[in-house]
Amino acid sequence: MRAMYLANYFLAGASLSSLLGWVASLHPMSAKAIAFLVAGSFILWGLCWLLDFSVSSWLKISVENLQALLLAVLTMALIGGGIYLCS
């Protein structure tokens, strides 16, 4: 995976998680739905770390590329969580 694609995925994900954090801070009812979505995403993220060899063969990418993508997902989630906590 090229660094350019990884950077694009990171920027798109950071923008999306920031937007979801902002919407959750505006509407209390949507905060519960977004919290459910985030919890499901973290469960899926953790399963991808545990099953990285089978997931990488299913996605037809190398394990190193999958781990780089998962680290980018972690950093964009941290940025989105910071935006949610600060707003």
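No experiment lies behind these values; they were computed from the predicted model shown. (Residues numbered from 1 in each chain as written. Predicted model: local features only at pLDDT ≥ 70, side-chain atom pairs only at ≥ 80, totals over all residues. Heavy atoms only, no water.)

**Q** Any chance you could break down the nonpolar core for me, citing the residues and the numbers?
**A** Membership of the largest hydrophobic core is limited to five residues, which are Trp-45, Cys-48, Val-55, Leu-66 and Leu-70. What Val-55 contacts, discounting residues up to four positions off in sequence, is Cys-48 and Leu-66. (Core = buried A, V, L, I, M, F, W, Y, C linked by side-chain atoms within 4.5 Å. Buried < 20%, exposed > 50% of the residue type's maximum accessible area, 1.4 Å probe, protein only. Contact = heavy atoms within 4.5 Å.)

**Q** Requested: an account of the packing of helix α1 (residues 3-26) against helix α2 (residues 28-50), with residues and values cited.
**A** With their axes 6 Å apart at the nearest point, α1 and α2 run at an angle of 140° to one another. For the pair formed by α1 and α2, the contact residues are Leu-20, Val-23, Ala-24 and Leu-26 on the first element and Pro-28, Ser-30, Ala-31, Ile-34 and Leu-37 on the second. Across the contact of α1 with α2, the residue classes break down as eight nonpolar, one polar and no charged. (Axes fitted to C-alpha atoms, helices over the stretch in contact; angles between N-to-C directions. Helix = DSSP H or I, 4+ residues; strand = E, 2+ residues; numbered from the N terminus. Nonpolar A, V, L, I, M, F, W, Y, C, P; charged D, E, K, R; others polar.)

**Q** Give me the lowdown on the side chain of Ser-30, citing residues and values where you can.
**A** Note that Ser-30 resides in helix α2. A polar atom in the side chain of Ser-30 sits 3.3 Å from the backbone oxygen of Val-23. (Polar contact = N/O pair within 3.5 Å; in protein donor to acceptor, adjacent residues only side chain to side chain.)

**Q** Account for a nonpolar patch on the surface, naming residues and giving values.
**A** Together, Leu-16, Leu-19, Trp-22 and Leu-26 give the surface a local cluster of nonpolar side chains, amounting to about 420 Å² of exposed area. In this structure, Leu-16 sits in helix α1. (Patch = residues over 30% accessible without salt bridge, like charges linked within 9 Å, V, L, I, M, F, W, Y side chains within 5 Å. Areas by Shrake-Rupley, 256 points an atom, 1.4 Å probe, with all protein chains shown as cover. Salt bridge = Lys/Arg side-chain N within 4 Å of Asp/Glu carboxyl O.)

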